[in-house]
Amino acid sequence: MDVSLQKTVGFLVFIGIGLLLKVKFRQKEETTGIKKIILNLALPATIFIALLSVELKKELFLLPFLALILNLLLFFIFPFLLPLCGIKKDTSEYRTASLLIPSLAPGLSAFPFILEYLGDGALAKAAMADLGNKVFVLIILYIVAMNWFYKVHGASSSLHISKIRDLLKVLIAEPVNLFIIAALILLGFGYHLENLPVVFSETLKRLSLLMTPLVLLFIGLAVSIKKGQFQKIFSMLMLRAGVVILISTLFISLGNISFGTDRLIVLAFSLSACSFWPFAHIAAIGLREQQEGRKFKTFSNTLAINILALSFPMSIILILGMFSFGNTITKLPVLVIISVSLIFFGITPGLFQKWRYSNKKNLVEKKYRPDFKNANAEA
């Protein structure tokens, strides 16, 4: 059996163990605790080690801007595509999907697999790219969400500067970002992992070893796909994956990225699950509307939760499938075929539903139309 395929099977076994452990982790707080250990300890330590294991190059500082461009492209493209998935324009569902779809959460959905399949150097690049994504989900999407709230309710569009300041503090104080900044400072002074005190480096290495097993167990514990709105969400996420691969193919082509590992980094990062942060903005606005007794809702909390619930397993399946095929899947013609196929599967359910609704409407009109009845009577 191919090594990549063996790794994938091993990962699926861990996820299966997580699914079996669901009976022991009945409280949501217990699963959240594992997530916090991953994001606040294991992931920062892993990224710190990865960055200190590579040479500092100016190309690394371009990666956050490329990630931000990806976010922005998805943000501007998807409002035109959502109606194909059965989401009506200018509705709470439309605004919710428009906010969540362009966001990325590579920490839990992409980083562990990038590390295991491609190594420390690849993880360091992906971690740097995530800085641009963090700015997008924390700052830009908050501003967008508040503007939509003011527009829906016809209120004054004065943004809360204090809230933006708080989000900037969160961005800087997040453990992953602190470790990235610390690693870049050390690299700037010529320090690498082998230059650090043994106690410090060994502690970080042991924390890093926790990441992949904990993430895989967390995936098994956290997977919970809701039945309601499944078709719409499935269509959106399939369409998202297809568009993301198409944009990634464009990046690969324009950037002349010929090395297979770099192509896989671009694809895995881009296929990350939707981020939790837009949902945090949605929940905050929903609470404010409830407190103010607003009749109309800017966003749909239910749809946001369901998108997150389905996005995570779908992202894992796509990323694991991609790594299982390795460099074979990174050829440009293959990527275009995969992209077009995913887009087709994404829009087909919505188009089929519209066709069924149109046919049903025509039958009802024929049944109750006066001229149709008279024609039958005369016959």
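Details of the structure are given in the entry above.
Let me sum up the structure you'll find in this document.

Moving on, we get to the overall build of the chain. Within the chain, the regular secondary structure consists of 17 helices and 0 strands. Taken over 379 residues, the chain has a buried fraction of 45%.

As a volume, the largest pocket reaches approximately 1,500 Å³. Along the wall of the largest pocket there are 42 residues; nearest its centre are Lys35, Leu108, Phe218, Phe276 and Leu308. Mapped onto the lining of the largest pocket, the elements with two or more residues apiece are helix 2 (28-52), helix 5 (106-109), helix 7 (120-153), helix 9 (175-188), helix 11 (211-222), helix 14 (277-291) and helix 15 (301-325). No other element matches the 8 residues that helix 2 contributes to the lining of the largest pocket. Of the voids in this model, the second largest pocket is the one considered here, and its volume is about 700 Å³. Taken together, 24 residues line the second largest pocket, and the ones lying closest to its centre are Glu59, Leu63, Leu66, Lys125 and Val266. Elements with a contribution of two residues or more to the lining of the second largest pocket: helix 3 (63-81), helix 7, helix 12 (230-254) and helix 13 (260-270).

The next point concerns the pattern of salt bridges. The final tally for this structure, using the stated rule, is 6 salt bridges. The salt bridge partner of Asp262 is Lys125, with a shortest N-O separation of 3.0 Å. Of the two residues, Asp262 sits in helix 13 while Lys125 sits in helix 7, which places them 137 residues apart along the sequence. On the accessibility criterion, Lys125 (33% relative accessible area) is partly exposed. In this structure, the salt-bridge partner of Glu292 is Arg294, at a minimum N-O distance of 2.9 Å. Assessed through its relative accessible area of 28%, Arg294 is described here as partly exposed. Sharing partners across several salt bridges, the network here consists of Arg288, Glu292 and Arg294.

Cut-offs and rules
Residues numbered from 1 in each chain as written. Predicted model: local features only at pLDDT ≥ 70, side-chain atom pairs only at ≥ 80, totals over all residues. Heavy atoms only, no water. Helix = DSSP H or I, 4+ residues; strand = E, 2+ residues; numbered from the N terminus. Buried < 20%, exposed > 50% of the residue type's maximum accessible area, 1.4 Å probe, protein only. 1 Å grid on protein atoms, 1.4 Å probe; cavity = no way out; pocket = protein on both sides within 12 Å on 5 of 7 lines; lining within 4 Å. Points joined across faces, edges and corners; volume = space filled by probe spheres on them. Salt bridge = Lys/Arg side-chain N within 4 Å of Asp/Glu carboxyl O.

The analysis is restricted to geometry; functional conclusions fall outside its scope.
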